[in-house]
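# Commentary on secondary and tertiary structure
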Amino acid sequence: MPKEQGSIGLRSRAARSSASTSKDVPEERTAKTNSSKSTKVNASSTRSGIAFIAFLIVRLTAAFFSNIADCDEVFNYWEPTHYLQYGYGMQTWEYSPEYAIRSWAYIKLHAIIGGIFDFVFNHDKIKVFYAIRATFAVVCALSESMFYIAASSHLGPRVGRYLIIAMLFSAGMWNASTAYLPSTFTMYTTMVAFFYALMPVSTTSGRRVHRTIFWVGLGSLLGWPFSAAVGIPAAFEELVLRNALKKPFERIRRLISGVITSLCIILIPLALADYYFYKKLNIVPWNIIAYNVFGGKDRGPDIYGTEPWHFYIINGLLNFNIMFIMALISLPGLLVTVLVDKQRISSSPTAGSVYAYSYLSFRLVPFYVWLLVFIAQPHKEERFLFVIYPLVCLNAAVAIFLVRGWVDKFLLALSKNIPYGINRRCYLKLFTLIIFFISGVTSISRVLALCFHYNAPMTIYRHFYYVEIPQQVETHKLQLNLNNPINLCIGKEWYRFPSHYFLPDGVRLRFLKSDF
C-alpha cells in the first residue's frame, strides 16, 4: 500500500520523485519553476494572513478577559509603568539602585505605548490598560504567525497544521499571551528566533545564525537573561551539523560576530537608558544573574519558596493536558520512528536520513533543555515556563505526526483481518481529531474556569472606577486631588490589586501590613 504523505523533512518524497522524473526542456522548466515559486509565495502569504487573523482573535479574547495571575505582574511592571505615565505608583525592591535587577528601559517602552493610548482614550486609565494588553495580543499574533509559517515550511505542512491548532486551543498560550511579564516578552522573541532557527544550517550564509542570535539576545537582554538557554542548541547545531568540517573557523567567526553585533545593538542602548533612570551605570541582565545565581545566603529566589521537581510536570499537564505528554515523548518518539517507520522523516538524497533525523532532533531539544534546567532549580513559578510554551506546542505537533505513523503501521499489520486499507485516511484523521478534541475541550474548560471563577478582583475594581468612587465623590462632595488623595484601604488583599490603572487619579492604594 502507498505510504501516507506529508513527511517531515527538507523535501517530501513526492517532490523528490517529481524532480527525478522531470524531462522538461530548459525553457519549460524555467517557466514552470517561476510559476511554482509565485504560487508558493501567494499560498504562503495567504496562510500567514489567515493564521495571523486566527491568532489575533484568540489573543484579543485573552487581552480583554484573562486575569492577572501573578502579583509580580502588577507591582513589578504595571505599577512602574503607571509611575512613568502618571507620576505615581508602587515600587518594589527590585527597582532600588542597590539591586537594580529590573530594567527601566523595558518599562519605558510600555509607558510610551500607554501614553499614546491615554491621549486616544481621554485619560480613561482602564481603557489604557486594556489597550496595552491589546498591543501584546497583536505582537503575540505576529510572532505566532511567523513561528507557524516557519514550521510549515521547514517541518512540513501537516506539522504546521497541528502546531496552529495546538497553539490556538492551548490554555497555557492563552494565559501567557497577553501577560505583562518579561517571560511573555521572551516568549515572543523566542518564536521570532525560531522563525530563523528552524531553517537548515547554511554552509555559506550567516543569515540564519545572526538573526537567531539577535532575537534570542533581544529577549534575554531586554526581557529575561535566562531565556538565552533556548538558543544554545541552535548555536551548537551551527558548529556540528551539515558538513561540520567544512570551514569550521568561519562558522565560529559567524557565531562570535553575531553575539558581538547583537550585544552592541541591544545592550548599549539598554545600559544608557537604565543609566538615565538609575543615575549610575548598571548592566541589568548581569545584575539579575548575579543576584539569582551568586546572591549568597539570604538572597536569591529560594527565599520566596521552593517546589518539588514535578511542579512543572503538573503545571504542564494543567495548561496543555495531553499536548504536554505528546511534547515529552517527541524526542524519544524519534528513536521509535527510526525502528518502526524510518521513511517517515525524509530529506534530500544528498543529505540522507541521518541528517534528517539530526536536523529534527536539534529543533526538539530546546524544550528539554529549558525544562531540565528549571526543574533543577528549587524555586519554581508557572511564568518561568512561558518562554517554551510555543515549543511545547511544536514538540507536541511533531509527536502527533510521528505517532500517526506508528498507528498507520500497526493498523496495516492488522489489515489482513480488518478492512483498513479502504478507509485508511479516515481512520488516521479520526485518530488525530480525537487527540485535538480531548485537548481542546480540556483547555477551553480551564480557560472558562479561570474567567468565571477568578475574575472578581478586576470586576470589582472596574466597578470602583466607573461607579462606586464617582458616586462617593459626588455624595460626599469630595475633591479628587493628587496632592491630597483619597485612600482606598484593601486590608491585607494587596496581592489582588490589579494596579493603579484601575483607580482614578486622586485615589491611592493603602493596605495593612501582613506577616508576609
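Calculation rules
Residues numbered from 1 in each chain as written. Predicted model: local features only at pLDDT ≥ 70, side-chain atom pairs only at ≥ 80, totals over all residues. Heavy atoms only, no water. Helix = DSSP H or I, 4+ residues; strand = E, 2+ residues; numbered from the N terminus. Buried < 20%, exposed > 50% of the residue type's maximum accessible area, 1.4 Å probe, protein only. Areas by Shrake-Rupley, 256 points an atom, 1.4 Å probe, with all protein chains shown as cover. Contact = heavy atoms within 4.5 Å. Phe/Tyr/Trp six-rings, centres within 6.5 Å; stacked < 30°, edge-to-face > 60°. Lys NZ or Arg CZ within 6 Å of the ring centre and 35° of its normal. Polar contact = N/O pair within 3.5 Å; in protein donor to acceptor, adjacent residues only side chain to side chain. 1 Å grid on protein atoms, 1.4 Å probe; cavity = no way out; pocket = protein on both sides within 12 Å on 5 of 7 lines; lining within 4 Å. Points joined across faces, edges and corners; volume = space filled by probe spheres on them. Nonpolar A, V, L, I, M, F, W, Y, C, P; charged D, E, K, R; others polar.

### Some points on the overall build of the chain
- Looking only at helices and strands, the chain has 18 helices and four strands in total.
- Out of the 516 residues in the chain, the part that is buried amounts to 48%.
- Summed over all atoms, the accessible surface of the chain reaches about 25,000 Å², with 66% contributed by carbon and sulfur.

### Describing the environment of A105
- With respect to the element layout, A105 can be found in helix α4 (residues 104-120).
- Apart from residues no more than four positions distant in its own chain, A105 is found in contact with L270, A273 and D274.

### Digging into the packing of aromatic side chains
- Counting across every chain of the model gives 47 aromatic pairs.
- Here the aromatic rings of F324 and F367 are separated by 6.1 Å at their centres, their planes lie at 80°, and the arrangement is edge-to-face. Here F367 lies in helix α15 (residues 352-375) and F324 lies in helix α14 (residues 322-340), a separation of 43 residues in the sequence.
- Given the relative accessible area of 1%, F367 is considered buried.
- Taking 4.4 Å as the distance between ring centres and 25° as the angle between the ring planes, the aromatic pair formed by W370 and F374 counts as stacked. On the criterion of helical spacing, the pair formed by W370 and F374 is a turn pair, its members being four residues apart in helix α15. When sorted by exposure, W370 lands in the same class as F374, which is buried.
- The ring of F401 has R344 sitting right over it, with the charged end atom 3.8 Å from the ring centre.
- Lying over the aromatic face of Y359, R363 brings its terminal NZ or CZ to 3.8 Å of the ring centre.

### Quick word on the side chain of H82
- Mapped onto the fold, H82 is located in helix α3 (residues 71-86).
- A residue is classified by how much of its surface remains accessible, and H82, at 0% relative accessible area, is buried.
- A distance of 2.9 Å separates the side chain of H82 from the side chain of K125, its partner in a polar contact.

### Describing empty space enclosed by the protein
- Applying the stated criterion across every chain yields a total of two cavities of 30 Å³ or more.
- Put simply, the largest cavity is a space of about 70 Å³.
- Taken together, the elements giving at least two residues each to the lining of the largest cavity come down to α8 (182-197), α9 (207-223), α10 (232-240) and α15.
- Looking at the lining of the largest cavity, its residues break down into eight nonpolar, two polar and three charged.
- Empty space within the second largest cavity amounts to approximately 30 Å³.
- I165, A166, F169, M323, F436, S439 and G440 are the residues that line the second largest cavity.
- Elements represented by at least two residues in the lining of the second largest cavity include exactly α6 (157-168) and α17 (424-453).
- The leading source of residues in the lining of the second largest cavity is α17, at three residues.
- Of the residues that constitute the lining of the second largest cavity, the class distribution is five nonpolar, two polar and no charged.

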